[in-house]
Amino acid sequence: MYARRRTVGGLSNTKFMETAPTAHDGETTCQVVDAGDVAAVRAITPHAALVALVDADDSESAIDAQLAGADVVVPVRGDVDESTLSAAMDAARAIATRRDQATNANRRAAHELGTAYLSVGMIAELIGGANRARGDQLRRLASEGATLAWRAARPSRAPVSLRLVDIVDALGELADSPSHAVSGPVVEVCGADAAMAIVNPADFATAIQHIISNSTIAGATTVSIEVRDSGSHVEIAVVDDGYGPPVGIELDDLVQPFFSGWPQSQDGLGLTMATEFAESGGGDLRLSARADARGMMVVMRLPRAHRNSPGNGERATRRSPVVDPLRAQAEILETIARREPVSQSLDLVVRAMQTQLPGSICSILLLDPVNGTLSHGAGTDLPPPYRRFIDGVSIGPTAGSCGVAAYSRAPVVATDISTDDRWVDYRAVALQHGLRSCWSTPILDADGGQVLGTFAVYHDHPWLPTHEAAELVDRFTYIASIAIGTHTLFSRLQESESRFRSAFAGAGVGMAVMNLDGVLQEINPTLEAMLGAQATGRYLSEFLGADDIGVVRSMVAQAVQDARGGKGGTFRLSDVQVCPAGEPTSLVRAAMSGSIVMSHEGQPVHFCVELFDLTERHRMVQAEHEQAVAEAASKAKTDLLALVSHEIRTPLNAVIGFAQLMQLETLSTQRRAEGVEHILASGRHLMQLINDLVDLSGAETGQLELRTEAVRSVNVIADSVEIVAGLAETKEIAIVVRTAAPHSWVRADPYRLRQVLINIIGNAVKFTPPGGRVEISTELGAIKISDSGPGIDPDDMADLFVPFRRLGARRSEGSGLGLALSHQLMRAMDGHLDVDSAPGAGATFWVRLPPASLGIAGTDDQIVDFDHQA
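What you see is a predicted model, and the numbers here were worked out from it, not measured in a lab.

What about helix H9 (residues 342-356)?
Over its 15 residues, H9 extends 21 Å from the first C-alpha to the last, a length consistent with the 21 Å expected when each residue adds 1.5 Å. Along H9, the residues that are buried comprise Val342, Ser345, Leu346, Leu348, Val349, Val350, Ala352, Met353, Gln354 and Gln356.

Now the structure itself:
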């Protein structure tokens, strides 16, 4: 589709522009422009295909258009034939596509070549220590390869657009214009009145700046540039008063890629690029040392263009800007640094741009990335009704210059709004308020990844931006991106800080910020209530329990070390003691965690500490535990009372029964004697049961009276065996005492120790089958009793020392208090009663007590044998 744009001058050479395709359709954009506009359009769209329309009678315009970068030049006389124009556009696309393909292929080949030789250099470094000669050889090869890769990419760096330039005029602008100001030496330009050459102006300025930068590195204070017209060439001689070339360096080496020669860190491409520029234009670059050994001279030769400069040889007058752009930039950057409202910074950008482009109206729109709409940011000179109309416009492929620029992320030039298809929905309002052309450039963030808004330049007449205007817009668009990005950054920081402050102040957990020395710099209300109002400025360790200070310091130090090593930097303690207001009498239990706060340089600077009060939780747990203990104790008491009642009732019933029987007068003397015997036996059993219960209760409550002294083990064993000997003899059971340690003394109450041994030995005799064996031996601090009985089932071991529990075959014998009482008596004497048994293998008990070292001589080992057959 083609849209008629405008008529140029008196010619009817109507300019056409193909509707720009979207970025994803892959088709090369083609633009049809007037010959005089080629340079400006090429600067904005370097990869587009361009068709230039020129007056068929103006051959110089055709040459200029070709130099400026037109792919196809179409001479026009009268109306433009659309079929001819269509063919020209197809040809332009083919040329542009081939040019881009060749450039990209050349660039890729150079990249691959450079990568290969970079690998060679890495290999050289790896083997350099093992084989120095081989390493040096590979380094030279890598260096030569880097040079080859640089030179191989040279065609891809060739300028697309060239112009006829007055070299003297261009150098004057370079020396005077703030946009090309060179810091360091004073630059003076002299020589011919006019010297024309065909170059790319921006590349020429860059090449001269590289030469001047080399002079600056050499310590020059003054640089003189003389322009000479030799007839076939224009010679630019750059002479400085610096130190001259580096000592021991050949001049030819200074123009080699990646070779600097200066001690300062340089990329070594400055003079190389200047040489490449001269050679790409058919000229050359020569270096020479000055005769007075002070400074150096660089002579660039360019082919002379045999055409007059603009104005029939008269120097074109350079318009000085009304306001210094650098001063305007400095003012804008100052407002950004002072964190003034972003609207103020953007207004300064708009005013500065309007000053540089008289007759223009500039504006900035800001993009809402969520809704995809543009809203007013700056530009009060736009007519208010128009400004309100476009406020909130959605971006898209037909949303005017600004909407399309934000959508396509590329500059959009609507030379004439009245015929531009992208302005269909906004054309009437724009023309109504005198806006005829609009050039919009997207404002990208610092990384170039996100569109922040658009920068628009309006005129009241059809207008196409010049190369100088494009440079100005690029500069001020970048400054606008800094202003918007900085404002966005600080807004996010303020929002983040506000959220943190809100969470910090309202958190139900105690929070603090402390430095790496452990000083509390800021605490929230929760922690203030926990530590006291005067905690800020004091060390955290002042509020910790004595046992926790060292642990916390160690974990904080480890967290700092981890953070510096890139391992995070956090710590956590599940339970620490905190002293409110530094009072150790009122401890608080808390869980503590902390994390490192890093600086922008990646160094730890603060700690964020959290303290969660666990006191109430511990109280609840303790209360639940105490309740469970109380309930268990109550149940145990109930069970014990039931068991005691049962155990006491049995002998008591026997006493009462036999006493009632004796009241009968018909009893014989023998039956009466038997009854008395039963009453006495039951009374004795009842008395023993009561005594055992009293002893058990006293042992459990710690109220049992003990008289601890040094007791010789063999003596108390002998006393105990003598008491149970009758029962052993009756059952034909042998009791063997082996005193391997006759001098073993222990600390115990002799009466209570004998009570324990009688219970254990008595049980062993009682439950060992007739003809069995009970062995007793002494060890240091222990007495061992083993029997050959049936043993104890593993399932019964847990209830072995529980009162009134009769286990296995023993359920019908005894009161069930003997072992329970023995166990408690041993604990009361700081001893232990241990057992080891298995079904069918008998049982072994160990009575362990603290040893008593008296040094008393003992007797030899003895065996006390109660075997009834002995």
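More follows now that the structure is in view.
Focus on the pairing of strand E14 (residues 373-378)
Looking at chain direction, strand E13 (residues 361-368) and E14 are connected through five bridges and run antiparallel. When the sheet's bridge partners are listed, leucine 366 is paired in E14 with serine 375. Sheet analysis places E14 next to strand E15 (residues 393-394), joined by two bridges and oriented antiparallel. Across the sheet, threonine 373 pairs through a bridge with serine 394, a residue of E15.

Observations concerning the environment of alanine 197
Turning to its location among the elements, alanine 197 is positioned in strand E8 (residues 196-199). Between the C-alpha atoms of alanine 197 and aspartate 166, which are 31 residues apart in sequence, the distance is 6.6 Å. If we skip the residues at most four places from it in the chain, alanine 197 touches Arg163, Leu164, Val165, Ile167, Leu302, Pro303 and Ala305.

A look at the confidence of the model for the chain
A residue-level look at the chain finds 76% of positions with pLDDT of 70 or above and a mean pLDDT of 76. At the low end of the mean pLDDT range in the chain sits strand E1 (residues 2-4), at 30; at the high end sits strand E18 (residues 451-459), at 93. Here residues 1-25 scores under 50 on pLDDT; set against residues more than four positions off or in separate chains, the count is 75 contacts. Note on residues 855-870: pLDDT is under 50 here. Beyond four places in sequence and across chains, it has 33 contacts.

Things to note about the packing of aromatic side chains
In total, this model carries five aromatic pairs according to the counting rule given. An angle of 50 degrees between the planes, with centres 6.0 Å apart, marks the rings of phenylalanine 204 and phenylalanine 277 as tilted. Remark: phenylalanine 277 occurs in helix H7 (residues 270-280) and phenylalanine 204 occurs in helix H6 (residues 201-217); sequence separation between them is 73 residues. Using a relative accessible area of 2% as the deciding quantity, one classes phenylalanine 204 as buried. Accessibility expressed as a relative area gives 10% for phenylalanine 277, which makes it buried.

Re the environment of alanine 237
Within the fold, alanine 237 resides in strand E10 (residues 233-240). Judged by relative accessible area, alanine 237 falls into the buried class, the value being 2%. In the structure, alanine 237 is positioned 50 residues away from leucine 287 in sequence and 9.8 Å away in space, judged by C-alpha atoms. Setting aside chain neighbours within four positions, we find alanine 237 in contact with Ser224, Ile225, Glu226, Arg228, Met297, Val298 and Val299.

Each value, and the rule that gives it
Residues numbered from 1 in each chain as written. Predicted model: local features only at pLDDT ≥ 70, side-chain atom pairs only at ≥ 80, totals over all residues. Heavy atoms only, no water. Helix = DSSP H or I, 4+ residues; strand = E, 2+ residues; numbered from the N terminus. Expected span 1.5 Å × (residues − 1). Buried < 20%, exposed > 50% of the residue type's maximum accessible area, 1.4 Å probe, protein only. Pairing = 2+ DSSP bridges. Contact = heavy atoms within 4.5 Å. pLDDT = per-residue confidence, 0-100. Phe/Tyr/Trp six-rings, centres within 6.5 Å; stacked < 30°, edge-to-face > 60°.

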